[in-house]
Amino acid sequence: MNKTCIAAAALAACTGGAIAQSNVTLYGVADAYVESTRISGRGSMVRVSNGGMQPSRWGIRGTEDLGDGLKAGFVLESGISIDTGTSLQGGRLFGRQAYVSLQSARAGEIRLGRQYAPIHYSMVFSDVDPFSAFSPVLSMYVSNGDQSRQDNQVSYWTPSFGGFSAMVAVAAGENAATAPSVATPWVAAGTMKRNVGGLLRYQGGALDASVAYHQGGQATAAGDVEQKAFNVGATYNLNGYVLGGNFWEHRNELVSGATPKTRGLVLGVKVPISTAWSAVAQVARVEDNGLAYATGAAKAEGRNTYLNVGVNYRLSKRTDVYLRYARIEDDNGGYNGRATTALYGIFGPGNTLPAGGSASSLGLGVRHVF
């Protein structure tokens, strides 16, 4: 049974009716790894974790040709944790993406639903170890999750003109209540404001470069709090040797007028060793401006440094074995004193990095793409 048949059967089961579309596809990633981790003050642990090389997920997508160059489409994508079999993104059925679209070859594409913010694409495009759990780019990205997925988003994607393309997006706040938590330390208690963002990308020859901007925030009893971020990144692919880097900044503009800032720089390289083997290495540095994130109070200027090295072995076009080692070191409570954010990605939001501490992980895993 092929993926088209499986997808059609899955849709029929969900709707209770017979559905058959030849252009509906079931797809996904199954990725798990065994790792040995160590965090200052907590000792070491051996565990099985999810999504080392890529986040595990399954999804259904499809298109319908409406004629005259116009297509309708949809994506329904669910995040899963292979080590426990549970749904991610707070248990949402399709927490990674859920949208419907209309696309014209001449006019571009409009998407409506739960989607990624434009800055997501700029960051993943410039990551030589694209959003692996060990990548410092991923840590910067998810440490301020307002840059990540957005409910109620309307986005427009332009066609490509001479290698240039663009995306703009608006996500309605819809008066949703917000409150800080371990999983969402970037928000303030209040009402969600509208999120807006944009992306400009150039693809020409070996170069893939992009710049993106994001703005969102919360309306609180004392006034508006706004989060603003931008990313500039690029990769250069020379016969399989890939150089990549990005510069990222996040600002939390408080009612008091104080603006805690976090800036990060990542440089990386991916090297083909043979037909099956490749190696990857990244170094990164994150600095804050000496203001506590939630209050704006003065603190020592904090820094975090990252190292990510590893190898991949391709067993087939769809299956890889990978080995990664990552290390994170803190100085004066980086990320404006938010001890959980430096460890996002490998260790998750429930772990903290003590000021002046370090953390490391050695992981061996398997990724299968279907």
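Notes on the structure in this doc start here. (Residues numbered from 1 in each chain as written. Predicted model: local features only at pLDDT ≥ 70, side-chain atom pairs only at ≥ 80, totals over all residues. Heavy atoms only, no water.)

A word on the overall build of the protein chain
Part 1 of the reasoning: In terms of regular secondary structure, the protein chain is built from 3 helices and 20 strands.
Part 2 of the reasoning: Against the 2.2 N^0.38 benchmark of 21 Å for 370 residues, the protein chain shows a C-alpha radius of gyration of 21 Å, consistent with a compact globule.
Part 3 of the reasoning: Viewed in the frame of its principal axes, the protein chain has a C-alpha envelope of about 60 × 50 × 45 Å.
Part 4 of the reasoning: The burial tally for the protein chain puts 46% of its 370 residues in the buried class.
Part 5 of the reasoning: Long-range pairs, those at least 24 residues apart, make up 58% of the contacts in the protein chain between residues at least 6 apart in sequence.
Part 6 of the reasoning: Total accessible area on the protein chain is roughly 16,600 Å²; 60% of this is exposed by carbon and sulfur atoms.
Part 7 of the reasoning: For the protein chain, the separation between the mean place of its 31 positive charges and that of its 25 negative charges on side chains is 4 Å. (Helix = DSSP H or I, 4+ residues; strand = E, 2+ residues; numbered from the N terminus. Rg over C-alpha atoms; globule rule 2.2 N^0.38 Å. Buried < 20%, exposed > 50% of the residue type's maximum accessible area, 1.4 Å probe, protein only. Contact = heavy atoms within 4.5 Å. Areas by Shrake-Rupley, 256 points an atom, 1.4 Å probe, with all protein chains shown as cover. Lys, Arg positive; Asp, Glu negative; His and termini not counted. Charge placed at Lys NZ, Arg CZ, Asp CG, Glu CD.)

Remarks on the environment of Asn336
Part 1 of the reasoning: On the secondary structure map, Asn336 appears in the loop between β19 (319-331) and β20 (358-369).
Part 2 of the reasoning: Measuring from C-alpha to C-alpha, the distance between Asn336 and Ala298 comes to 9.6 Å, with 38 residues separating the pair along the chain.
Part 3 of the reasoning: Those residues in contact with Asn336 that lie beyond four places of it in its chain are Pro260, Lys261, Thr262, Asp288, Asn289, Leu291, Ala292, Tyr293 and Lys299.
Part 4 of the reasoning: A polar contact of 3.3 Å, which involves the side chain of Asn336, links it to the side chain of Asn289. (Polar contact = N/O pair within 3.5 Å; in protein donor to acceptor, adjacent residues only side chain to side chain.)

With respect to the nonpolar core
Part 1 of the reasoning: Of all hydrophobic cores here, the largest spans 37 residues; its most connected members are Met123 and Met140.
Part 2 of the reasoning: Among the secondary structure elements, those contributing two or more residues to this core are β1 (24-39), α2 (118-125), α3 (136-142), β9 (164-171), β17 (277-288) and β19.
Part 3 of the reasoning: Once residues within four sequence positions are removed from consideration, Met140 is found in contact with Met123, Gln147, Trp248, Gly264, Leu265, Val266, Ala284, Arg285, Val286 and Tyr335. (Core = buried A, V, L, I, M, F, W, Y, C linked by side-chain atoms within 4.5 Å.)

Here we look at the pairing of β9
Part 1 of the reasoning: What you see with β9 is a clean split: Ser165, Met167, Ala169 and Ala171 sit on the buried side and Phe164, Ala166, Val168 and Val170 on the side with no burial.
Part 2 of the reasoning: Strand direction decides the pairing type here: strand β8 (residues 149-157) and β9, joined by 5 bridges, are antiparallel. What sits directly across from Val154, in β9, is Val170.
Part 3 of the reasoning: Here β8 folds back onto β9 in antiparallel fashion, the turn holding 6 residues, of which Gly162 has a positive phi close to 60°. (Pairing = 2+ DSSP bridges.)

Digging into the environment of Tyr335
Part 1 of the reasoning: Relative to the helices and strands, Tyr335 is located in the loop between β19 and β20.
Part 2 of the reasoning: Separated by 46 residues in sequence, Tyr335 and Asn289 place their C-alpha atoms 8.9 Å apart.
Part 3 of the reasoning: With sequence-adjacent residues up to four places away left out, Tyr335 is seen in contact with Ser139, Met140, Ser143, Trp248, Thr262, Val286, Asp288, Asn304, Tyr306, Thr341 and Ala342.
Part 4 of the reasoning: A polar side-chain atom of Tyr335 sits 3.1 Å from a polar atom in the side chain of Tyr306.

Quick word on a nonpolar patch on the surface
Part 1 of the reasoning: A contiguous nonpolar surface patch, about 780 Å² in accessible area, is contributed by Phe164, Leu200, Val211, Val232, Phe247, Leu265, Leu267, Val283, Leu307 and Val309.
Part 2 of the reasoning: At the level of elements, β16 (261-272) and β18 (303-314) are the ones that each hand at least two residues to the nonpolar patch.
Part 3 of the reasoning: As for its placement among the helices and strands, Phe247 is situated in strand β15 (residues 241-253). (Patch = residues over 30% accessible without salt bridge, like charges linked within 9 Å, V, L, I, M, F, W, Y side chains within 5 Å. Salt bridge = Lys/Arg side-chain N within 4 Å of Asp/Glu carboxyl O.)

Concerning unusual backbone geometry
Part 1 of the reasoning: In this structure, Gln89 takes a positive phi of about 55° despite not being glycine.
Part 2 of the reasoning: Tracing the sequence through the fold places Gln89 in the loop between β5 (86-87) and β6 (97-104).
Part 3 of the reasoning: Of note in the backbone geometry, Asn175 takes a positive phi value of approximately 60° without being a glycine.
Part 4 of the reasoning: Take Asn175: it is sitting in the loop between β9 and β10 (177-178).
Part 5 of the reasoning: Residue Asn175 is classed as exposed on the basis of its relative accessible area of 69%.

Some thoughts on the pattern of salt bridges
Part 1 of the reasoning: In the structure shown here, the tally under the stated rule is 20 salt bridges.
Part 2 of the reasoning: Salt-bridge contacts for Arg114 lead to Asp151; the nearest nitrogen and oxygen are separated by 2.6 Å. Here Arg114 is found in strand β7 (residues 108-116), whereas its partner Asp151 is found in strand β8, with 37 residues between them in sequence.
Part 3 of the reasoning: Under the relative-accessibility criterion, Arg114 is labelled buried at 12%.
Part 4 of the reasoning: Here Asp151 falls in the partly exposed class, since its relative accessible area comes to 31%.
Part 5 of the reasoning: In this structure, Asp224 and Lys193 form a salt bridge, with 3.5 Å as the shortest nitrogen-oxygen distance. With Asp224 in strand β14 (residues 223-238) and Lys193 in the loop between β11 (190-192) and β12 (195-204), this residue pair connects regions lying 31 residues apart in the sequence.

Observations concerning α2
Part 1 of the reasoning: α2 sits mainly inside the fold: 7 of its 8 residues count as buried.
Part 2 of the reasoning: Taken together, the buried positions of α2 are occupied by Pro118, Ile119, His120, Tyr121, Ser122, Met123 and Val124.

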